[in-house]
Every structure is written in structure tokens, then in C-alpha cells.
Amino acid sequence: SVAFTDADIPFTSDYVRAFPNITALRLRTSPHEYEELLDCNPAKFEANREANVLLQLQRGLWSQTLECCDGTLGTLYVLALQCRVKELRVTCDIDAPKMLGSVLSDTQPTILSLEQFPLDMLAGRAFAAAMRAPYAAQLRSLEIMLMLDGDSGKKGNAGVAAALVSTCL
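Residues numbered from 1 in each chain as written. Predicted model: local features only at pLDDT ≥ 70, side-chain atom pairs only at ≥ 80, totals over all residues. Heavy atoms only, no water.

Side note on unusual backbone geometry
- One non-glycine residue, Gln-108, adopts positive backbone phi at about 45 degrees.
- Here Gln-108 lies in the loop between α5 (97-107) and β5 (111-118).
- Residues other than glycine seldom take positive phi values, yet Gln-116 does so here, at roughly 60 degrees.
- Structurally, Gln-116 can be placed in strand β5.
- Among the residues examined, Gln-116 registers a relative accessible area of 45% and is labelled partly exposed. (Helix = DSSP H or I, 4+ residues; strand = E, 2+ residues; numbered from the N terminus. Buried < 20%, exposed > 50% of the residue type's maximum accessible area, 1.4 Å probe, protein only.)

Pasting the structure below:
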């Protein structure tokens, strides 16, 4: 088991080479890293993800299924794991449901825990599409911990019932 907090934007192949036999990974990237990356050049965020995919394919990736991976949505998106993850825990740090779809497609978890996701994000079409995609069919357990605030369910924002309906349809 390996845990990193306040890490720089990760390069997955470096972690694979350094820790080839791990079964659990917990990785948190400093919010300052994202702010710097996104403010300076949003395209660099996508470029880091693409570089991680290519480097894993060239240099190798974890050969076994990771038992558990815990990270923030932005970190997992950039990490672009190209191996199965049995249990995936995702904490929302970026309001980007399409990123969640990419992470699920990469890892194909059977147990998924979503933490601190805004209600409005879960009620949106992109989240519903991510949860209806073929890679979500293998889920055996889904845990969602919503982040509610004073605007949740008000002024055109979705309520809890609408979020659940959009996910299940």
C-alpha cells in the first residue's frame, strides 16, 4: 500500500516502476498544482493525461488488478490508470462528470465510492451518461456521499430525487 498527499501532478509510469507490486494506492494532488496548471494552460491538463497513457503503454503498467485506489477526481483523471481497480474511491475536487466517465473507463471498478460530489453534478446528463456506459455495468457496489449546500434543490437546481432518477434511467 502506498499513499501520497500533496503530490505534484503524477506521472503514472514513475509510480509503476518504483512500486511494481503494490495492491493499494492513495494519491492526492495539491489543489495548487491544478490551479497553476489550469490557469496557465488548460490544454496542459489534457496533455498530462495523454502523456500518462502513452508512457504506461511504452514503459509498462501494473500487471495485476489494484485492489484499492483512492484519489481525487482530477488526480485520477490525470493519472489515467490503464489497469483494473477492484475498489475505486473518488473524492470530487473538480466539477467535471466527463472526467469521471474517463476514470471509470480506465479502471473498470466493481466497487465504487463517490465522495463530496455536488448534487447538481450528479443530476446532470454527463453523470447519467457515465453511469449508463458499458464500463459501469460491472459495478457490484455503488456508494454516493453527496455534498449539499444551501442552493441544493433550489432555483432550478436538482433535488436528490432528480439526481437519483437521472442516474438510474
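Resuming the write-up.
Details of helix α7 (residues 125-132)
- Listing the buried residues of α7 in full gives Phe-127, Ala-128, Ala-130 and Met-131. End-on view of α7: buried residues confined to an arc of 160 degrees, all on one side of the axis. (Arc of directions from axis to C-beta.)

Examining the confidence of the model for the protein chain
- The predicted model of the protein chain has a mean per-residue pLDDT of 82, with 74% of residues at 70 or higher.
- Mean pLDDT across the elements of the protein chain bottoms out in strand β1 (residues 2-7) (53) and peaks in strand β4 (residues 85-91) (96). (pLDDT = per-residue confidence, 0-100.)

A few points about the environment of Ala-128
- Summarising the element assignment, Ala-128 is placed in helix α7.
- The class of Ala-128 is buried, set by a relative accessible area of 2%.
- The spatial distance from the C-alpha of Ala-128 to the C-alpha of Pro-97 is 8.9 Å, given a sequence separation of 31 residues.

A few points about the nonpolar core
- With 38 residues, the main nonpolar core has Trp-62, Leu-73, Leu-88, Val-90, Leu-100, Leu-112 and Phe-117 as its most contacted residues.
- Among the elements that line this core, the one with the most residues is helix α4 (residues 73-79), at five residues.
- Beyond its immediate chain neighbours, meaning those up to four positions away, Leu-100 contacts Leu-73, Val-90, Leu-114, Phe-117 and Phe-127. (Core = buried A, V, L, I, M, F, W, Y, C linked by side-chain atoms within 4.5 Å. Contact = heavy atoms within 4.5 Å.)

Here's the deal with the pairing of β5
- Relative to β5, β4 runs parallel, the two being bridged by five bridges. When the bridges of β5 are listed, Val-90 appears paired with Leu-114.
- Note that the unit made of β4, α5 and β5 has a crossover that is right-handed.
- The pairing of β5 with strand β6 (residues 141-147) spans seven bridges and is parallel. Residue pairing in the sheet places Ser-113 in a bridge with Glu-143 of β6. (Pairing = 2+ DSSP bridges. Right-handed = clockwise from strand over helix to strand, strands pointing away.)

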